[in-house]
Amino acid sequence: MLIAAGALVAAPFANATNLWWVKGGNWADSRDNYNTGWVIPSGLTSSETVAGAQAKADQIASNIKYVGGNMVRVPINPPTVASSYWTIVQAYVNELVKDGLYVDLCCWTEKNTVGTVDDLSAWQTMWETVDSVYSGNWNIFYEPINEPFGYSTTALQSLYLNDFLPIVSKSQQRILLDGTGYADHLAGIGSDSSLSGCDLALHIYPYWDNYTSTGQWETALNNRIGGYQNRATITEMGAYSTNPYYNYQTQNSGNRYISFIQGVGQETKNLQIGLVYWPMWKDGDSYRLFVNTDNGQWVNWSLMTELTSLW
Amino acid sequence: MKKSLLLAIVFALAVLVALLLFQHHPAQKRVAVDETPKAKAALPPPSLDIKPSFPAEPVTNVQSPVALAPVTDPFQNQILELWRKHASPAEMAALLKELHQEDSKHLFQALLALSKTPLETRRTLVPLLANALTLWPDADGGDVFPIADAYGQMDLPSAAQWGATFLATTGRHDLNVAALLGEYAGTSESQALAMIATLPDAARAAALQDAAYHISTSDLNHLMDVCEQIDPNGSTAFSQLLFQRLAMENLNNTAAWLAGTPQAQSLPGAAAAIAQGMVLSGNAQQAITWADSLSDQNAKGQAIAEVYQQYTTSNPHTSIQDILAAYPATSELIPNGAAANLSGSGLTGYWDAASGLPDPSARAYAIAALVQPNILTSGLADTQNKIAALPPGSLEQNVAQMTLQSELANKEVALALQSSH
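The numbering scheme is per chain: residues are counted from 1 as the chain's sequence reads. Both sets of labels track the order of writing: A upward for chains, 1 upward for ligands. Whole-chain, interface and lining totals are the exception, using all residues; otherwise, since this is a predicted model, local features are given only for residues with pLDDT of at least 70 and side-chain atom pairs are given and counted only at 80 or more.

Colleague: What's the story with the overall build of chain B in this structure? I'm lost.
Modeller: Helix and strand counts for chain B come out as 23 helices and zero strands. To sort residues by burial, count the other C-beta atoms lying within 10 Å of each one's C-beta; a count of 20 or more means buried, 12 or fewer means exposed, and anything in between means partly exposed. C-beta atoms are built from the backbone. Within chain B, the fraction of its 421 residues that count as buried is 46%. The secondary structure listing takes helices from DSSP runs of H or I that are at least 4 residues long and strands from runs of E that are at least 2 residues long, numbered from the N terminus.

Colleague: I would appreciate a short explanation of the packing of helix α6 (residues 141–154) of chain B against helix α7 (residues 156–170) of chain B in the present structure.
Modeller: Geometry of a packed helix pair, given as the angle between the helix axes and the separation of the axes. Residues and elements named next belong to chain B. It is the contact of α6 with α7, at a shortest axis distance of 6 Å, that shows an interaxial angle of 140 degrees. Our classification of the angle between α6 and α7 gives oblique. From α6, Ala148, Tyr151 and Gly152 reach across to α7, where they touch Leu156, Ala159, Trp162 and Gly163. Class assignment of the residues belonging to the contact of α6 with α7 gives a composition of five nonpolar, two polar and no charged. For helices, the fitted axis covers only the stretch in contact; all axes are lines through C-alpha atoms, and the angles between them, taken along N-to-C directions, range from 0 to 180 degrees. Roughly parallel covers angles under 35 degrees, roughly antiparallel covers those over 145, roughly perpendicular covers 65 to 115, and oblique covers all other angles. We call two residues in contact when their backbone-placed C-beta atoms lie within 7 Å. Polar here means any residue other than Ala, Val, Leu, Ile, Met, Phe, Trp, Tyr, Cys and Pro, which are nonpolar, and Asp, Glu, Lys and Arg, which are charged; Gly is therefore polar.

Colleague: Can you walk me through the environment of leucine 175 of chain B in this structure?
Modeller: With respect to the secondary-structure elements, leucine 175 of chain B resides in helix α8 (residues 175–184). When the C-alpha atoms of leucine 175 of chain B and alanine 139 of chain B are compared, they prove to be 14 Å apart, with 36 residues separating the residues in sequence. The contacts of leucine 175 of chain B, once residues within four sequence positions are left out, are Pro78, Pro79, Ala82 and Ala122 of chain A together with Ala206 of chain B.

Colleague: Whenever I open this one, the packing of helix α20 (residues 360–378) of chain B against helix α21 (residues 380–388) of chain B confuses me. Can you help?
Modeller: Residues and elements named next belong to chain B. The N-to-C vectors of α20 and α21 enclose an angle of 135 degrees; their axes lie 7 Å apart at closest approach. One way to sum up the angle between α20 and α21 is to call them oblique. Listed contacts from α21 to Val371, Asn374, Ile375 and Ser378 of α20 are Leu380, Asp382, Thr383 and Lys386. A breakdown of the residues in the contact of α20 with α21 according to their chemical character gives three nonpolar, three polar and two charged.

Colleague: Help me understand the pairing of strand β3 (residues 102–107) of chain A, please; the structure alone is not making it clear to me.
Modeller: Successive side chains on a regular strand alternate, one facing one side of the sheet and the next facing the other. Residue and element names in this part refer to chain A. Burial within β3 is extensive, with six of its six residues counted as buried. Of the pairings in the sheet, the one linking strand β2 (residues 71–76) to β3 comprises six bridges and is parallel in character. Of the residues in β3, the one forming a bridge with methionine 71 is tyrosine 102. Pairing geometry for β3 and strand β4 (residues 140–143), over four bridges, is parallel. Two strands are counted as paired when DSSP detects at least two bridges linking them.

Pasting the structure below:
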């Protein structure tokens, strides 16, 4: 009986799961998640202690739970996971989980001009290291590479199928594969039957299309999802929060950014897919939702209200 | 009767479960001691030219193996069996290769489990496995990291020494192994840097990048000497990462020191890192003043480009207006929020007006603000031509070049350029 139960737990799930319930935010490095060295989320420093990381995670958890969220997407990269800072990463990730949240561990590349894994061996070793800690943790998601725009569709399929999935023991229901390009379309990866057990991650930004009505943005999102809404989650979307003239609750504004938030938010609700905002915490970013990681103060009341009313 | 039978069954099941749990999780006392030896390893002085030194005599397991609780995993058993026999690294390497061929994932799991054995076992088992890896240049990175990690946690000086040998002998650049040397720089800087200096380029860069996070930052003048010696042209990103760290941990002191130390201003990435840190900490005006205080023209250009980029990230609609307000007679040059919407002859007019500003820093900022709109409306080639036409080697030309590179990495600009082709 024990063996049978163990086998049940270990067996991979055949089908991807619907992540409609995901409501989250990115916790990003103030400098940039693209980094040669360690990637350090806002509010933490390179000399962080375990206790300091846990305390900051508690603040993050408090912020996001207050607005009804349940997931935090955090950056990792090979230099960070290979170093002593991995202990700090585990401290804040574990604390977020302890606080009842889901965590999406997403790998960023070194430079934002390449769009491919920098060093395949180092990348695989990083995921093996991560997997040795989190393979059985149901609250942890893996996103193998952020915005893999340097790959053709077939090369990206191969990266996922041949270089990533064989080295991790994670249930595929907890793996989010970025779509092609800047994770801007899902059909190329969604149509690969050998990857059908995994979920799909989409990104969408207002400056990708010059639309000024909510309907246009709803259609744009639909097109980018390409019919794979049952497996899709938006892991990045966002708009200006620091512009005091933008009221995100204005109807028929004719404004690209306002209609983007309203249209994408509404379509996310219609299609029942998850949504993770970019960035929820990133000091100094003009899209950030929280002023900083200290006190839970919002940058833009109308944006937060509009977003959270739709998710 | 039924109740007692039920109780008996429950009791029997409980005993069975307990036995099974005992078998799979043998009682092992967790060693809660500081496992890093305080004594320094016998390493050569830093001035010596250290050559990779693979032990002439194979390191063998000279201590009497400790009786281990039974292990049921066959891979772990085979490795432990060889360890108990005081096998040489070569024999262990042969076994690891064999096990890897048989089932690579199983070997990875076995090494992970063995890296968590009691300290008295690890003390000799981990060095044996580590030295075996040195004889196995094709080992999977996944097989290296549990050993490197366990070695570093147990005995950092010895692990660093092994790491240097491993990287030099195999020609590999495993980040986990390089990180041992970087971490060692935090406690034994000169010894660690001497070992790092002997490594092949890729491993050396990886180790130095990690050292930037561990090296003591108490003496900035000393750090300047270190940067000049080991990263004079920024090829390893050591000084860039070091100054990013200083911006996070000791911003104001480092900024003041850099402004007063002209020799340090030319360290690769230093000025940009401090400028970025100032803007991120909400002190954009201070950053503008600080950038202007730098005497090194290249450093000033880097700082100005970074202030503009970072401040624009935070305040895209008002950044150039806010920045130019710091300079006399420039605040009306570009109306609020207009930079992103400029096009055609209007854009050229603004470019010419920006180029004619009397203050060099104001010129540099104003032109930097026009780079993105120019790319988006007139194309990359036109922008490159306009930048090339600026006075050669001038502050504004340097800043415009750096801004152009940043803009090309900007997702918005990259996508616009893609769609225009």
